[in-house]
Amino acid sequence: MSALTADVGVGAELFSVTRSVDRAALVRYAGASGDFNPIHWNEAFALEVGLPGVIAHGMLTMGVAGSALTDWLDDPTDVLSYGVRFTRPVPVPDPGAVELLIVATVGAVDPGAGTARVDLRVTVEDKTVLGKAQAQVRLH
């Protein structure tokens, strides 16, 4: 766990972590979010509509990446904003799990505002699945 300070350099890697997502996570997320789209649970349907199989919810993928950042921070309320672009579906095998690699780097520092931009690179098998994944974080 850590907090960002104004002396952190642009480009500095803050952390690198792998998180797993399995089909059980998709079921739990669907129940919590109310998103029961069959592309997230029905293999035949997902293939029929041109997907590589059942895929993770985009917002679940976003949440997993965001939680990696809040887990790293001393105080999760230091995240002031967070946004992503969904760039690639995340197929989830059955059985098994997909591994998301999340690497956080400092994209910009604004000492005057007391904030830093943290860029998250989120990949599956070296392919980016979230684009422009960025959080504004309070400096200490």
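Each residue is numbered by its place in its chain's sequence as written, counting from 1. Where totals are concerned, whole chains, interfaces and linings use all residues; where local detail is concerned, this predicted model gives features only for residues with pLDDT of at least 70, and gives and counts side-chain atom pairs only at 80 or more. With hydrogens and water stripped out, all remaining heavy atoms of the structure feed into the side-chain values.

In the nomenclature of an unreviewed UniProt entry, the protein is known as Bifunctional enoyl-CoA hydratase/phosphate acetyltransferase of Occultella aeris. UniProt positions are given in the numbering used here, feature names are shortened, and annotations may be inferred rather than shown by experiment. In the Sequence similarities (unreviewed entry) part of its UniProt record, the protein is described as follows: "Belongs to the enoyl-CoA hydratase/isomerase family."

So, about the UniProt feature "domain: MaoC-like" (unreviewed entry) in the protein. Under the UniProt annotation, the feature "domain: MaoC-like" (unreviewed entry) is placed at residues 15-104. Here residues 15-104 runs as 36% helix and 27% strand, with 5 Å between its end C-alpha atoms. To qualify as a helix, a DSSP run of H or I must reach at least 4 residues; to qualify as a strand, a run of E must reach at least 2; elements of each kind are numbered from the N terminus.

For salt bridges, the criterion is a side-chain nitrogen of Lys or Arg within 4 Å of an Asp or Glu carboxyl oxygen. Scanning all chains against the criterion turns up five salt bridges. Residues R23 and D94 are paired through a salt bridge, measuring 3.9 Å at the closest nitrogen-oxygen approach. Of this pair, R23 sits in helix α1 (residues 23-33) while D94 sits in the loop between β2 (79-86) and β3 (97-110), placing them 71 residues apart in sequence. A relative accessible area of 18% places R23 in the buried class. The structure contains a network of salt bridges with shared partners spanning R23, E43 and D94. Between buried and exposed lies partly exposed: a residue is buried under 20% and exposed over 50% of the maximum accessible area for its type, with that area taken using a 1.4 Å probe on protein chains only.

Attention now goes to the environment of V90. Residue placement: V90 occurs in the loop between β2 and β3. You can call V90 buried: its relative accessible area is 4%. Between the C-alpha atom of V90 and that of M62, which follows or precedes it by 28 residues, the distance is 11 Å. With near-sequence residues (within four places) excluded, V90 lies in contact with V54, I55, A56, T61, V98, L100, V124 and V129. Should any heavy atoms of two residues lie within 4.5 Å, those residues are counted as being in contact.

Before going further, it helps to spend a moment on the packing of aromatic side chains. For Phe, Tyr and Trp, where Trp contributes only its six-membered ring, two rings pair if their centres lie within 6.5 Å, and the inter-plane angle classes them as stacked under 30 degrees, edge-to-face over 60, or tilted in between. Counted by the stated rule, this structure contains one aromatic pair. On the basis of an interplanar angle of 35 degrees and a centroid distance of 5.9 Å, the ring pair of F15 and W72 is categorised as tilted. Pair noted here: F15 is in strand β1 (residues 13-22) and W72 is in helix α3 (residues 58-72), with a separation of 57 residues, a long-range link. In terms of burial, F15 and W72 fall into one category: buried.

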